[in-house]
Amino acid sequence: MKSLAELKAIRERMQSQVGMRAEDDSQTRVVVGMATCGIASGARPVLKALSDAVQEKKLSNVMVTQTGCIGLCKYEPIVEVMEPGKEKVTYVKMTPEKALEVVEQHLIRGQVVTDYTLGNIKL
Amino acid sequence: MMTEIALNVLDVAQNSVRAQATLVCICVMADTQADRMDITIEDNGCGMSPEEIRQVEDPFFTTRKTRKVGLGVPFFKYSAQCTGGDFKITSTKGQGTKVSASYVLSSIDRMPLGDMPGTVHTLVTLNTHIDFVYTYTVNGRSFTLDTREFRDILGDVPLNAPEVSSYIEEYLWENTREVNQDIVL
């Protein structure tokens, strides 16, 4: 069994860094729709890919979070990227692979991946 | 339809989050001898009136305004009942809700349990204002994750801090493997 002693060690290492990730206005929010419709169409692997990548690339100004049904169930899994001072970008029919592309292109380089945005899907 | 039972649990537990619960207990208990698996999700959220409980099992009832159907609970209910199992919701207004599903393990219609560690990890790290107690039992072998215990040790280090999040994931996986031994649910 994994012991709680390891958790104590993590706390000791991290205590000095607390406050670093405090939420503020400069943070980018990445929101994944996780209602029944999102989950059924595969939102969990997308969410996992996003949070793993953000953690791995140490994007400390990005917060990955979840929301309920956005009302566009047909286009799930949906990922919204909200950067401060910019218009919200809505990515639809996401997969873990597409999500990684969004991390690389959009979150790191600042280029919206227009191939996957809602505006580009024929309604 | 969900492809695994763990996704139903993730979905239904979101209802507890929305019900402003501060404590959510998720329990998975499988017994291969008895050919049964019981799953309960219990919260101390806002609860439901008898009338609301009746409605919530109806796919065409939802509290949401974005659309007219709510399939979370009906999906979960069906996943249990189609194996010959049972499904029950008990709730007291102002005190909380308990959702129980039981499955006949050997039924051909039973979906795989799926990625329960993933479900619990997602719930814990994305709802850091809520405490979760997860108990996983297979044939009497058992482990528990209690975020209150974690919080006591962590102090002001948040549960979604990267290192803590990885620790929780490993904790869940390692203990699940140990409890499972050679049993695949």
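As annotated in an unreviewed UniProt entry, chain B carries the name histidine kinase and is attributed to Catenibacillus scindens. Among the UniProt annotations of chain B, the heading Catalytic activity (unreviewed entry) holds the following wording: "ATP + protein L-histidine = ADP + protein N-phospho-L-histidine."

Taking an unreviewed UniProt entry as the reference, chain A is identified by name as NADP-reducing hydrogenase subunit HndB belonging to Catenibacillus scindens.

**Structural notes on the overall build of chain B**
Counting its secondary structure elements, chain B contains 6 helices and 6 strands. For chain B, the sequential pattern of α-helices and β-strands runs α-β-β-α-α-β-β-α-β-β-α-α. Computed over the C-alpha atoms, the radius of gyration of chain B is 16 Å, within 12% of the 16 Å expected from 2.2 N^0.38 for a compact globule of 185 residues. Evaluated residue by residue, chain B yields a buried proportion of 52% over its 185 residues. Residue pairs at least 24 apart in sequence account for 62% of intrachain contacts in chain B once pairs closer than 6 positions are excluded.

**Focus: helix α1 (residues 5-18) of chain B**
Residue and element names in this part refer to chain B. Taking 1.5 Å per residue as the helical rise, α1 with its 14 residues ought to reach 20 Å, and the 21 Å between its terminal C-alpha atoms agrees with that figure. Burial within α1 is extensive, with 12 of its 14 residues counted as buried. When we look at burial in α1, the residues that qualify are I5, A6, L7, N8, V9, L10, D11, V12, A13, Q14, S16 and V17. Looking one or two residues past α1, Q20 carries a phi angle of roughly 60°, positive in sign.

**Let's talk about the sheet that holds strand β1 (residues 23-31) of chain B**
Residue and element names in this part refer to chain B. Within the open sheet, the 6 strands sit side by side as β3-β4-β2-β1-β5-β6. Their pairing is mixed. A single partner strand is all that each edge strand has here, and the edge strands are β3 (86-92) and β6 (141-146). Averaged over all pairs of adjacent strands, the angle between their axes in this sheet comes to 5°, without regard to strand direction. In terms of strand pairing, β1 meets strand β2 (residues 36-43) through 8 bridges, oriented antiparallel. The partner of M29 across the bridge, within β2, is D38. On top of the sheet, helix α5 (residues 147-154) reaches β1, β5 (131-138) and β6; it is set at about 50° to β6, its chief contact.

**Some words on the interface of chain B and chain A**
Interface size, as often reported, equals the accessible area lost upon joining of the parts. Across the boundary between the two partners, chain B contributes 44 residues, which contact 31 residues of chain A. Where chain B abuts chain A, roughly 3200 Å² becomes buried across the two surfaces, and 61% of that area is made up of carbon and sulfur atoms. Among the residues chain B hides against chain A, the three largest losses belong to I153(B), E163(B) and Y167(B). Together they make up 22% of the total. At the junction of chain B with chain A, the criterion picks out 3 salt bridges.

**Considering the pattern of salt bridges**
Considering all chains together, one arrives at 14 salt bridges over all chains under this definition. Between K86(A) and E83(A) there is a salt bridge, with its nearest N and O atoms 3.6 Å apart. By relative accessible area, K86(A) is classed as exposed at 52%. Judged by relative accessible area, E83(A) falls into the buried class, the value being 18%. Notably, a salt bridge pairs K77(B) with E57(B), separated by 2.5 Å at the nearest N-O pair. One end of the pair, K77(B), is in helix α3 (residues 72-81); the other, E57(B), is in the loop between α2 (50-56) and α3, and 20 residues separate them in sequence. Counted as one network, the salt bridges with shared partners bring together K48(A), D52(A) and E169(B).

**Notes on the packing of helix α1 (residues 5-14) of chain A against α5(B)**
One way to put it is that α1(A) packs onto α5(B) with a least axis distance of 9 Å and a crossing angle of 40°. Considering the angle they form, α1(A) stands oblique to α5(B). α5(B) is crossed by α1(A), and the crossing has right-handed handedness. Residues L7(A), K8(A) and R11(A) of α1(A) touch α5(B), and the partners they reach there are F150(B), I153(B) and L154(B). Among the residues making up the contact of α1(A) with α5(B), the classes are represented as 4 nonpolar, no polar and 2 charged.

**Regarding the side chain of E76(A)**
Residue and element names in this part refer to chain A. Secondary-structure assignment places E76 in the loop between β2 (62-67) and β3 (79-82). Classification of E76 by relative accessible area gives buried; the value is 5%. A distance of 3.0 Å separates a polar atom in the side chain of E76 from the backbone nitrogen of I78. The residues touching E76, leaving out its near neighbours within four places in the chain, are G33, C37, G38, S41, I70 and K93.

Cut-offs applied
Residues numbered from 1 in each chain as written. Chains lettered and ligands numbered in written order. Predicted model: local features only at pLDDT ≥ 70, side-chain atom pairs only at ≥ 80, totals over all residues. Heavy atoms only, no water. UniProt positions renumbered as here; feature names shortened; annotations may be inferred. Helix = DSSP H or I, 4+ residues; strand = E, 2+ residues; numbered from the N terminus. Rg over C-alpha atoms; globule rule 2.2 N^0.38 Å. Buried < 20%, exposed > 50% of the residue type's maximum accessible area, 1.4 Å probe, protein only. Contact = heavy atoms within 4.5 Å. Expected span 1.5 Å × (residues − 1). Pairing = 2+ DSSP bridges. Axes fitted to C-alpha atoms, helices over the stretch in contact; angles between N-to-C directions. Buried area = accessible area lost by both parts, 1.4 Å probe. Salt bridge = Lys/Arg side-chain N within 4 Å of Asp/Glu carboxyl O. Parallel < 35°, antiparallel > 145°, perpendicular 65-115°, else oblique. Left-handed = near helix turned anticlockwise from the far one by under 90°. Nonpolar A, V, L, I, M, F, W, Y, C, P; charged D, E, K, R; others polar. Polar contact = N/O pair within 3.5 Å; in protein donor to acceptor, adjacent residues only side chain to side chain.

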